[in-house]
Amino acid sequence: MVQRIIAALGILLVMVSLNGCVSYRKRPTRLYEEVLSKKMTFDAGIVPGVPFQNGKWDTVMKGRVIWAVQLYNQGIIRNIIFSGGAVYSPYYEARIMGLYAQQLGIPETHIFYETRAEHSTENVFYSYQIARQEGFKSIALVTDPFQSSMIKGFTRRRFGTPVIHIPFMVDTLKKYNHIDLIIDPAPAYVQPFRSILDREGFFRRFRGTLGAFIPWEGKGRRKARAL
């Protein structure tokens with residue numbers, strides 16, 4: 001039964017990817033141009049984590065971090081909140097991304113870390129709480145086009161302050177393919193560590209992806225109040 005559900009989900013994701021491949025290029029460009037045309041700026045950009053495996057960043061992490069750096073350098077975001085716990089590997093995803101961002105020139109004073117999240121919905125929720133603690137009033141979600149599309153409904157319904165999506169443009173980031181940084185990951189290392197695959201079954205992880213374990217404010221309330 002579980003195998004059939006997994007297979008069905010896999011087929012669904014492939015179909016979504018094939019049908020949406022054009023929109024994954026057009027939508028990021030449209031959203032970015034809208035930000036530019038309206039001269040929008042944000043107190044912080046939320047960057048969801050990616051597992052750090054094999055001692056280096058993968059293409060997705062590289063894209064998210066470099067795009068956040070570009071938006072910071074353009075003055076579109078004034079701070080960066082990197083989000084992600086030690087989920088699949090013994091490294092805080094947020095801390096790893098921060099190490100790369102510092103090598104790319106982001107001052108440490110403009111980087112904030114959220115290390116509780118284990119799912120994309122939690123990345124946004126817990127980072128939103130950090131934004132509140134820091135007094136930030138405007139926030140953007142800085143990620144890849146696929147993740148942005150997958151959680152746009154969640155961000156639209158669940159937050160009193162709008163979370164504006166600025167997914168990276170794949171074609172634009174191609175010119176940064178040559179960047180290959182090396183970091184010392186020791187500051188992000190976690191011990192003891194247990195992978196989420198060992199701690200939770202498939203259905204619990206799936207529920208987590210849907211935001212089932214988010215500690216919303218107030219009894220029966222499933223929307224975070226405005227910043």
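Structure: above.
Report follows, based on the coordinates. (Residues numbered from 1 in each chain as written. Predicted model: local features only at pLDDT ≥ 70, side-chain atom pairs only at ≥ 80, totals over all residues. Heavy atoms only, no water.)

## A closer look at the sheet that holds strand S1 (residues 44-48)
In space, the five strands of this open sheet follow the order S3-S2-S1-S4-S5, with parallel pairing throughout. Edge strands, defined here as strands with exactly one partner in the open sheet, are strand S3 (111-114) and strand S5 (163-165). Strand after strand, the sheet turns through a mean of 30° between neighbouring axes, direction not considered. Note: strand S2 (residues 80-83) against S3, four bridges, orientation parallel. For Ser83, the partnering residue across the bridge sits in S3 and is Glu114. Contacts between helix H5 (residues 120-134) and the sheet are confined to S1, S2, S3, strand S4 (139-141) and S5, with S3 contributing the most and set at about 130° to the helix. (Pairing = 2+ DSSP bridges. Helix = DSSP H or I, 4+ residues; strand = E, 2+ residues; numbered from the N terminus. Axes fitted to C-alpha atoms, helices over the stretch in contact; angles between N-to-C directions. Contact = heavy atoms within 4.5 Å.)

## Here's the deal with the packing of helix H3 (residues 59-73) against helix H4 (residues 93-103)
Where H3 meets H4, the closest approach of the two axes is 10 Å, and the angle between their N-to-C directions is 50°. Put simply, H3 runs oblique to H4. Considering only the axes of H3 and H4, their crossing is right-handed. From H3, Met61, Val65 and Val69 reach across to H4, where they touch Ile96, Met97, Tyr100 and Ala101. Residue classes in the contact of H3 with H4 are distributed as seven nonpolar, no polar and no charged. (Parallel < 35°, antiparallel > 145°, perpendicular 65-115°, else oblique. Left-handed = near helix turned anticlockwise from the far one by under 90°. Nonpolar A, V, L, I, M, F, W, Y, C, P; charged D, E, K, R; others polar.)

## A few points about the pairing of S3
Within a regular beta strand, the side chains point alternately toward one face of the sheet and then the other, so they alternate between its two faces. Across the two faces of S3 the burial is the same, with Ile111 and Tyr113 and Phe112 and Glu114 all buried. Regarding topology, H4 serves as the crossover connection from S2 to the parallel S3, and that connection is right-handed. (Buried < 20%, exposed > 50% of the residue type's maximum accessible area, 1.4 Å probe, protein only. Right-handed = clockwise from strand over helix to strand, strands pointing away.)

## Describing the side chain of Arg27
With respect to the secondary-structure elements, Arg27 resides in helix H2 (residues 23-37). Here Arg27 sits buried without a salt bridge, and the closest side chain of opposite charge, Asp144, lies 8.8 Å off (N-O distance). If near-sequence neighbours (up to four positions away) are discounted, Arg27 is found in contact with Pro145, Ser148, Ser149, Lys152, His165 and Pro167. (Lys, Arg positive; Asp, Glu negative; His and termini not counted. Salt bridge = Lys/Arg side-chain N within 4 Å of Asp/Glu carboxyl O.)

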